[in-house]
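What the coordinates show
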Amino acid sequence: GQSLEQPSEVTAVEGAIVQINCTYQTSGFYGLSWYQQHDGGAPTFLSYNGLDGLEETGRFSSFLSRSDSYGYLLLQELQMKDSASYFCAVRAGSARQLTFGSGTQLTVLP
Amino acid sequence: DAGVIQSPRHEVTEMGQEVTLRCKPISGHDYLFWYRQTMMRGLELLIYFNNNVPIDDSGMPEDRFSAKMPNASFSTLKIQPSEPRDSAVYFCASSLGAGSGQPQHFGDGTRLSIL
């Protein structure tokens, strides 16, 4: 099976930078994805890392180190609208489905 | 383009009643996933289909739960009989392929309350 760990809560101020970490234990790892979910909303895809290194999409970046079974999501120039839950997810082994972490609730303060 | 469409958005019913949740995936997507989200258990996969065929239903909690996908544009998740512990948000998601980098597109969910 797969297991993922991420912090339950993170708080930061508007304009700051925040990093949300995710560690995973799995076999046959195929990649790490990140999803965002606002309260009452649906999860939406943010980014994917299949190889080691940094992927950048605007204010958001995601990093993966397969040797460390570790990744993170980096949010820069935080805005109030970034307040949401962020989930890391892995696809592993022969599975076609994603296994989601428990989510990190990000609160952005003015 | 229309995203994944789920209905109803909210459902409140009494325990013992049958509940049917509906999902229309994005046209052309060949994978469909049903998830349940609760505070205690997070986002958990119930079942997924590939080309309308159920592939893995190991996440379905009990025989009270069943899912069907009669065609490429429609799927249902049924709970019969319903129990208060089934109260949750149920999401449907679809994807084009299931490669590692293929994003899943989620519907807005059905908020189910069993009294």
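It should be noted that the structure appears before, not after, this text.
Residues numbered from 1 in each chain as written. Chains lettered and ligands numbered in written order. Predicted model: local features only at pLDDT ≥ 70, side-chain atom pairs only at ≥ 80, totals over all residues. Heavy atoms only, no water.

**What to know about the sheet that holds strand E8 (residues 70–75) of chain A**
Residue and element names in this part refer to chain A. Counted only if it meets this: A pair of strands is considered paired only if DSSP assigns at least 2 bridges between the two. The secondary structure listing takes helices from DSSP runs of H or I that are at least 4 residues long and strands from runs of E that are at least 2 residues long, numbered from the N terminus. Axes here refer to lines fitted to C-alpha atoms; in helices the fit is confined to the stretch in contact. Angles between the N-to-C directions go from 0 to 180 degrees.
Overall, antiparallel pairing links the 5 strands, which are arranged E1-E3-E8-E7-E6 in an open sheet. The open sheet terminates on both sides in strands that have one partner only, identified here as strand E1 (3–5) and strand E6 (53–57). Taken pair by pair, the neighbouring strands of this sheet meet at an average axis angle of 20°, ignoring direction. Pairing analysis gives 3 bridges linking E1 to strand E3 (residues 18–25), with the strands arranged antiparallel. Each bridged residue has a counterpart across the sheet, and for Glu5 the counterpart in E3 is Thr23.

**Examining the interface of chain A and chain B**
To keep things clear, this is the line we draw: In this analysis, two residues are considered to be in contact whenever any of their non-hydrogen atoms come within 4.5 Å of each other. Note on terms: buried area is the combined drop in 1.4 Å-probe accessible area of two parts once they are placed together, counting the loss on both. By convention in these notes, a salt bridge is any Lys or Arg side-chain nitrogen within 4 Å of a carboxyl oxygen on Asp or Glu. Here a polar contact is recorded for every N or O atom pair within 3.5 Å, except that within protein the pair must consist of a potential hydrogen donor and a potential acceptor, and residues adjacent in sequence are included only if both atoms are side-chain atoms. Residue classes follow a fixed rule: Ala, Val, Leu, Ile, Met, Phe, Trp, Tyr, Cys and Pro count as nonpolar, while Asp, Glu, Lys and Arg count as charged, and any other residue, Gly among them, counts as polar.
Across the contact, 16 residues belong to chain A and 20 residues belong to chain B. Between chain A and chain B, a total of about 1500 Å² is buried, with carbon and sulfur atoms accounting for 54% of that surface. In this structure, the connection of chain A to chain B is made through 0 salt bridges. The interface formed by chain A and chain B contains 4 residue pairs in polar contact (both at pLDDT 80 or more). Mapped onto the side of chain A that touches chain B, the elements with two or more residues apiece are strand E4 (29–37), strand E5 (44–49) and strand E9 (84–92) of chain A. Top contributing element to the side of chain A that touches chain B by residue count: E4 of chain A, with 4 residues. Split into classes, the residues belonging to the side of chain A that touches chain B amount to 9 nonpolar, 5 polar and 2 charged.

**Considering the side chain of Asp82 of chain A**
Residue and element names in this part refer to chain A. The condition is simple: Relative accessibility under 20% of the residue-type maximum defines a buried residue, over 50% an exposed one, and the middle range a partly exposed one, all with a 1.4 Å probe and only protein chains included.
One can find Asp82 in the loop between E8 and E9. Taking relative accessible area as the criterion, Asp82 reaches 2% and is therefore assigned buried. Here the side chain of Asp82 touches Arg59 through a polar contact of 2.8 Å, side chain to side chain. Beyond its immediate sequence surroundings of up to four residues, Asp82 is in contact with Arg59, Phe60, Leu75, Glu77, Leu106 and Val108.

**As for the state of the cysteines**
For the record, the criterion: Two cysteine sulfurs form what is called a disulfide whenever their separation falls within 2.5 Å.
For the structure shown, the criterion picks out 2 disulfides over all chains. Across the disulfide from Cys22 of chain A sits Cys88 of chain A; the S-S distance is 2.2 Å. Across the S-S bond of Cys22 of chain A and Cys88 of chain A the torsion is about 75°, and the bridge reads as right-handed. With Cys22 of chain A in strand E3 and Cys88 of chain A in strand E9, the pair connects residues that are 66 residues apart, well separated along the chain. For Cys22 of chain A, a relative accessible area of 0% translates into the label buried. Take Cys88 of chain A: its relative accessible area is 0%, and that puts it in the buried class. Here Cys23 of chain B pairs with Cys92 of chain B through a disulfide, and the sulfurs are 1.9 Å apart. In this structure the cystine formed by Cys23 of chain B and Cys92 of chain B twists about its S-S bond by roughly -65°; its chirality is therefore left-handed. With Cys23 of chain B in strand E3 (residues 19–24) and Cys92 of chain B in strand E9 (residues 88–95), the pair connects residues that are 69 residues apart, well separated along the chain.

Purely spatial values, then, with no claim about function.
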